[in-house]
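Spelled out, the chains give:
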Amino acid sequence: MGLKDGQENPVAPGAVVPGARDVGERYPLQAPLGRSGDPDVDALGGAVTITKAEALVAWGRKNSLWPIPFGTACCAIEFMGTVSSVFDLSRFGAEVVRFSPRQADLMIVSGTITYKMGPILKRIYDQMCEPRYVISMGVCASSGGFYDNYCTLQGIDKIIPVDYYIAGCPPRPEAVLQAVVELQNRLQRTGA
Amino acid sequence: MTTTTTTPSTVDLTKLRNKIQGGILEESTLPPMPCVRVKREALLETLEFLRNDPEYRMHQLKEITVVDGLYLRESERFELVYLLHNLDTQKRVAVKCRVEEDDAHVPSINHLWRAANWGEREAFDQYGVKFDNHPNLKRILNHHEFVGHPLRKDYNIFRGHWCSEAETLLDELELRRKMFPERIADADHDPGETMILNIGPSHPASHGTLRNLVELDGETVLYCVQEIGYLHRGFEKSAETHEYNQVVPYTDRLNYCSAISNNVGYVKAVEELCGIEIPPRNQAIRVIMCELSRIMDHLVCNAANIVDLGALTNFWYLFNLREKIYNVIEGVTGARLTNSYARVGSLWADITPDFIEQVRGLLAEIPQHVDDTMKLVARNRIFIDRTVGIGKISPDDAIAYGYTGLCLRATGYEHDLRKAQPYYGYDQYDFEIPVGHQGDTYDRIMCRFEEIKQSARIVEQALDSLPDGPYRADHPMAYLPDKQTRTYANIEGLVNHFKIVMHGIQPPKGEVYSWTETPNGELGFYIVSDGGMKPYKCKVRPPCFYLYSSFPDLVEGQMVADVIAVLGSLNIVAGELDR
């Protein structure tokens, strides 16, 4: 590939390619687009993006989150609603719901976790490969909710680390979508 | 409209009196049914007589529970309550028996009703009352490292116990092997070559936190044992520490697929305890909401169940309809899933002006969605092969296990409380009760589809005849008095306001057992009041609990893949199962 004879280079070195997003300032890990300074690359008119390896990995992680739903109670029904047609989690590239912890990198704990369930939750979290992320969906998972009693664990963060908490009993599907998007933004920003 | 309170069931106890002469200590009523309190020595004889005698013929043990009388009387702390039901004549009887704390044991009645197996285990787990000769008296809801019995009045509600690892369940598997030794003898594989497979409690297809341990001969299930309690959230203990209306949100989360049905079941019990009559408009709104909930519940159940068989398309079809119903209900209750709509003697709010039009729009769509789904499955060879004749249960076994509701009707036995003991004017509506032929997975799924259509019919009629008038009962405990005309206008209104705010609802001393026909079956609430603002005891009779106790009998001898399909067709909702 390259320029044909007599064809003018459409992109001057250092210029911003039209249509390519300049995300360099918002996302430090992503190298600036279209400013490679390499005439051979710039000659391709934005068809090639130069970036850092970390940014590429982060971009991949961001857009291919595979969630494992740890559904126990009412929130699991709303999670089903989030995945199904109307709200459609697949719009955000996180619809490949895996039921094996080995294949998933995002655990969505939806529902009350009791002391009896505690060891199970811990074991499944341990079985997930790193990097792994946890979203605690709903107040029961986040803090025990209004089940402040002898059998309910007062928040899953007593057992496993949590990245995002979603309020609500149960949260609306939009709130779940927001948590996923927040996590994606964080992945893009920080790479992990 | 008929009266809201359940008509008392009159049972002539003369024959029982003559039979158990010295054993009966007291005769009273546990509204709406008669109640006898017997000596422990006469308990087994009484229950056996009530079950076998042709005059009583109590087919079904509805519930076993215990009332901790620590704050009610000086001696004989624990009172066992057995609720019996004759499904043909709709007669019910309660039997009670008191025991001392240091001598808390009674004979097991596991051999009379199979429902007693889990019922007694729960009573042991929660109260520490022992049942002699029970085959497997161990904890059922709380984990094996738990110390104490949480529903005792002197147990601190906040005292939790960490659980370090799950049980192996091999002891229960061994019991099951001993019960049916011929199966392993006839199996293709020798003992030791069979495979023991753990399914759950976090299995994607188990629809909740259910755990099964199966022993497989090839792909055939030889033995199956279950463990429940992974979602035991302490409903009953929490109810004892909250005011009557504050319990309503907890009831949402029993069967969270149809929250309003549970709200209504609970407030109906409290209303009967207080003697509150709700007006016709309230009754009709509750009927509409309950039937919409029934439709939603069946949609979720069937959608998920058919996914278990490998058909995903219908899931999106049915969930779309469910989302539409959500939107309409959300417009009235303000919540999608956990609505908390009913209040004692009242509702959270009257329906919105556009509600009726919206529901009519839904009614036009429901048959279309059901028919579309039916086109995908009804003549589908895979579906039929996977469901017909799988997970069968006979009506007699089903009744012995405590089946109620749709799963009982799928066996061919017609019993629906909306017809048998109508409440909220169900007798005014024209609808049919679908029944199955042989109680297999196919029958259960098809009965659900048919019930969706019948519920739509009820909703339509209820909308047509929706009465005007107040939606709140004319009772001082039903709602806060109007500020301008009553609270600030006269002393009675002010006192009324003060009493509700400070003391809430205070039913008179007494007890009640009240039931409604929820999507899963008979949801019963047994409430004991000591005259205070919180229930002294609030026991739920969850239909799932008894359905699920029969599960090994349904799946043993079937293929392992069918375990999941049968489980889905029973519609076990963990919130209701474990409470």
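Analysis parameters
Residues numbered from 1 in each chain as written. Chains lettered and ligands numbered in written order. Predicted model: local features only at pLDDT ≥ 70, side-chain atom pairs only at ≥ 80, totals over all residues. Heavy atoms only, no water. UniProt positions renumbered as here; feature names shortened; annotations may be inferred. Pairing = 2+ DSSP bridges. Helix = DSSP H or I, 4+ residues; strand = E, 2+ residues; numbered from the N terminus. Axes fitted to C-alpha atoms, helices over the stretch in contact; angles between N-to-C directions. Contact = heavy atoms within 4.5 Å. Buried area = accessible area lost by both parts, 1.4 Å probe. Salt bridge = Lys/Arg side-chain N within 4 Å of Asp/Glu carboxyl O. Polar contact = N/O pair within 3.5 Å; in protein donor to acceptor, adjacent residues only side chain to side chain. Buried < 20%, exposed > 50% of the residue type's maximum accessible area, 1.4 Å probe, protein only. Patch = residues over 30% accessible without salt bridge, like charges linked within 9 Å, V, L, I, M, F, W, Y side chains within 5 Å. Areas by Shrake-Rupley, 256 points an atom, 1.4 Å probe, with all protein chains shown as cover. 1 Å grid on protein atoms, 1.4 Å probe; cavity = no way out; pocket = protein on both sides within 12 Å on 5 of 7 lines; lining within 4 Å.

Where an unreviewed UniProt entry is consulted, chain A appears under the name NADH-quinone oxidoreductase subunit B, with the organism given as Eiseniibacteriota bacterium. Of the comments in the UniProt record for chain A, the one headed Sequence similarities (unreviewed entry) reads "Belongs to the complex I 20 kDa subunit family." Among the UniProt annotations of chain A, the heading Subunit (unreviewed entry) holds the following wording: "NDH-1 is composed of 14 different subunits. Subunits NuoB, C, D, E, F, and G constitute the peripheral sector of the complex."

K.L.:
Any chance you could explain the sheet that holds strand β9 (residues 211-217) of chain B here in plain terms?
P.N.:
Pairing between the strands of a sheet is mediated by backbone hydrogen bonds and can be parallel or antiparallel. Residues and elements named next belong to chain B. Read across the sheet, three strands follow the order β8-β9-β10 without closing on themselves; strand pairing throughout is antiparallel. Of all the strands in the sheet, the pair left with one neighbour each is β8 (195-199) and β10 (220-227). Across this sheet, the average inter-strand angle for adjacent strands is 20°, counted without regard to direction. Here β9 runs beside β10; their pairing, made up of seven bridges, is antiparallel. By the bridge assignment, leucine 216 is partnered in β10 with valine 221. Along the sheet face, helix α4 (residues 170-179) touches β8, β9 and β10 and points at about 130° away from the line of β10. Its contacts with the sheet put helix α21 (residues 560-570) on β8, β9 and β10, and the angle it makes with β8 is roughly 30°.

K.L.:
I'm lost on the interface of chain A and chain B in this one. Help?
P.N.:
Tallying the contact residues gives 36 residues for chain A and 52 residues for chain B. Carbon and sulfur atoms supply 67% of the area that chain A and chain B bury against each other, a total of about 3,700 Å² over both sides. Note that glutamate 330 of chain B and arginine 172 of chain A form a salt bridge whose closest N and O atoms lie 2.3 Å from each other. The interface formed by chain A and chain B contains 14 residue pairs in polar contact (both at pLDDT 80 or more). Taken together, the elements giving at least two residues each to the side of chain A that touches chain B come down to α3 (74-83) and α4 (118-127) of chain A.

K.L.:
What should I look at first to understand the UniProt feature "domain: NADH:ubiquinone oxidoreductase-like 20kDa subunit" (unreviewed entry) in chain A in this one?
P.N.:
Using the residue numbers shown here, the UniProt feature "domain: NADH:ubiquinone oxidoreductase-like 20kDa subunit" (unreviewed entry) corresponds to residues 74-183 of chain A. Helix makes up 33% of residues 74-183 of chain A and strand 12%. Its end C-alpha atoms lie 23 Å apart.

K.L.:
Would you mind showing me how to read the sheet that holds strand β14 (residues 521-529) of chain B here?
P.N.:
Residue and element names in this part refer to chain B. Spatially, three strands are ordered β13-β14-β15 in an open sheet, and the strand pairing comes out antiparallel. Here the strands that pair on one side only, and so sit at the sheet edges, are β13 (510-518) and β15 (537-541). Neighbour to neighbour, the strand axes of the sheet diverge by 15° on average, direction disregarded. Sheet analysis places β14 next to β15, joined by five bridges and oriented antiparallel. Bridge assignment links isoleucine 527 to a residue of β15, and that residue is cysteine 538. Across the sheet, helix α8 (residues 259-274) lies against β13, β14 and β15, angled at about 150° from β13, the strand it touches most.

K.L.:
Would you mind going over unusual backbone geometry with me for this structure?
P.N.:
Of note, the amide linkage connecting glutamate 130 of chain A to proline 131 of chain A takes the cis form, showing an omega dihedral of 0°. You can see proline 131 of chain A is positioned in the loop between α4 and β3 (133-137). The peptide bond linking cysteine 169 of chain A to proline 170 of chain A adopts the cis configuration, its omega dihedral lying at -10°. Relative to the helices and strands, proline 170 of chain A resides in the loop between β4 (164-166) and α6 (173-190). Phi is positive for leucine 169 of chain B, close to 70°, though the residue is something other than glycine. Mapped onto the elements of the fold, leucine 169 of chain B is located in the loop between β7 (130-132) and α4. A positive phi is found at serine 340 of chain B, a non-glycine position, where the angle reads about 50°. Position of serine 340 of chain B relative to the elements: it lies in the loop between α10 (313-333) and β11 (342-343). By relative accessible area, serine 340 of chain B is classed as buried at 13%.

K.L.:
Explain a nonpolar patch on the surface to me, please; I cannot follow it from the model alone.
P.N.:
A contiguous nonpolar patch, built from Leu480, Phe498, Val501 and Met502 of chain B and spanning about 370 Å² of accessible area, is present on the exposed surface. Relative accessible area serves as the criterion here: at 44%, methionine 502 of chain B is assigned to the partly exposed category.

K.L.:
How should I be thinking about the UniProt feature "binding site: [4Fe-4S] cluster" (unreviewed entry) in chain A in this particular structure?
P.N.:
Taking the numbering used here, the UniProt-annotated feature "binding site: [4Fe-4S] cluster" (unreviewed entry) corresponds to Cys74, Cys75, Cys140 and Cys169 of chain A. Across 96 residues of sequence, these annotated residues stay compact in space, with a maximum C-alpha separation of 10.0 Å. Within this annotated set, the largest cavity is lined by Cys74, Cys75, Cys140 and Cys169 of chain A. Inspection of the secondary structure assignment puts cysteine 74 of chain A in helix α3. Each residue touching cysteine 74 of chain A, except ones within four places of it in the same chain, is listed here: Arg233, Arg253, Tyr256 and Leu337 of chain B. Checked against the element boundaries, cysteine 75 of chain A lands in helix α3. If we skip the residues at most four places from it in the chain, cysteine 75 of chain A touches Ser110, Gly111, Met137, Gly138, Pro170 and Pro171 of chain A.

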